[in-house]
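# Breakdown of the fold
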Amino acid sequence: MLAAASGGSKAWIYHYYASKEAVLYDLLRSYTDDLLGVVRAADDPTLEPRRRFAALIGAILRSYDDAQSRHAAILNDLARLPAEQQRQIRASQRQVVDVVAGVLATVDPRLERRADMLTPVTMSIFGMLNWHHRWFRPDGPMSTDDYIDMVVALVLDGLDGLPGLNEPATDATATRA
């Protein structure tokens with residue numbers, strides 16, 4: 001399938017890769033390394049903490065725009081790799097999580113004091129981000145920027161922080177995203 005999709009042949013692929021697992025490792029490793037690069041580039045400590053967090057959330061979501069298949073592969077196929085390769089990829093994933101957790105702790109220092117809650121809160125954020133591609137429609141009533149703002153408000157302010165939530169629904173706002 002890979003050979004057909006790339007316009008090449010199996011022999012061409014196996015000239016560069018020893019096995020299917022080698023292809024999978026290269027794909028997943030480059031994906032996590034790229035995501036780590038995106039996160040590090042987006043993390044601007046000179047920004048006010050809330051804006052810094054929003055920039056990070058936006059960078060992650062935008063990096064997911066064309067990565068659904070790689071994202072699915074990391075969720076579904078990582079276990080197919082040898083333990084050492086899994087460890088390397090998970091280490092990159094942890095670094096991504098650590099950057100987000102660090103920024104989150106600057107937004108709300110209570111999380112820094114409650115290290116037992118920082119990781120669960122951070123992973124809950126990734127739960128929102130990692131699955132948004134399954135339901136989000138770019139041509140729907142909510143733009144990516146609106147969704148980023150909503151995630152930031154929901155995480156940092158709870159439901160009370162969502163713009164317009166306390167206002168009566170109109171025909172336009174009553175439709176589903």
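Everything numeric in this text was worked out from a predicted model, so none of it was measured. (Residues numbered from 1 in each chain as written. Predicted model: local features only at pLDDT ≥ 70, side-chain atom pairs only at ≥ 80, totals over all residues. Heavy atoms only, no water.)

## With respect to helix α8 (residues 115-135)
- A rise of 1.5 Å per residue sets the reference length of α8, with its 21 residues, at 30 Å; its end C-alpha atoms lie 32 Å apart and thus fit the reference within 8%.
- Among the residues of α8, Leu118, Thr122, Ile125, Phe126, Leu129, Asn130 and His132 are the ones counted as buried. Each buried residue of α8 sits inside an arc of 140 degrees when the element is viewed along its axis, so together they form one side.
- Among the structural elements, α4 (49-64), α5 (68-77), α6 (83-107), α7 (109-113) and α9 (144-157) are those in contact with the buried residues of α8. (Helix = DSSP H or I, 4+ residues; strand = E, 2+ residues; numbered from the N terminus. Expected span 1.5 Å × (residues − 1). Buried < 20%, exposed > 50% of the residue type's maximum accessible area, 1.4 Å probe, protein only. Arc of directions from axis to C-beta. Contact = heavy atoms within 4.5 Å.)

## A short note on the packing of α6 against α8
- With their axes 10 Å apart at the nearest point, α6 and α8 run at an angle of 110 degrees to one another. Classified by the angle between their axes, α6 and α8 sit roughly perpendicular to one another. You can see that α6 and α8 cross each other, and the crossing is right-handed. Facing α6, whose interface residues are Val96, Val97, Val100, Ala101, Leu104 and Ala105, α8 presents Leu118, Val121, Thr122, Met123, Ile125 and Phe126.
- Across the contact of α6 with α8, the residue classes tally to eleven nonpolar, one polar and no charged. (Axes fitted to C-alpha atoms, helices over the stretch in contact; angles between N-to-C directions. Parallel < 35°, antiparallel > 145°, perpendicular 65-115°, else oblique. Left-handed = near helix turned anticlockwise from the far one by under 90°. Nonpolar A, V, L, I, M, F, W, Y, C, P; charged D, E, K, R; others polar.)

## Focus on the packing of aromatic side chains
- According to the stated counting rule, one finds three aromatic pairs in the structure shown.
- Aromatic side chains tryptophan 135 and tyrosine 147 sit 5.4 Å apart centroid to centroid with 75 degrees between the ring planes, which places their arrangement in the edge-to-face category. Separated by twelve residues along the polypeptide, tryptophan 135 in helix α8 and tyrosine 147 in helix α9 bring together distant segments of the chain.
- Given the relative accessible area of 39%, tryptophan 135 is considered partly exposed.
- The class of tyrosine 147 is buried, set by a relative accessible area of 3%.
- Three or more aromatic residues joined by ring pairs form one cluster here, namely Trp135, Phe136 and Tyr147. (Phe/Tyr/Trp six-rings, centres within 6.5 Å; stacked < 30°, edge-to-face > 60°.)

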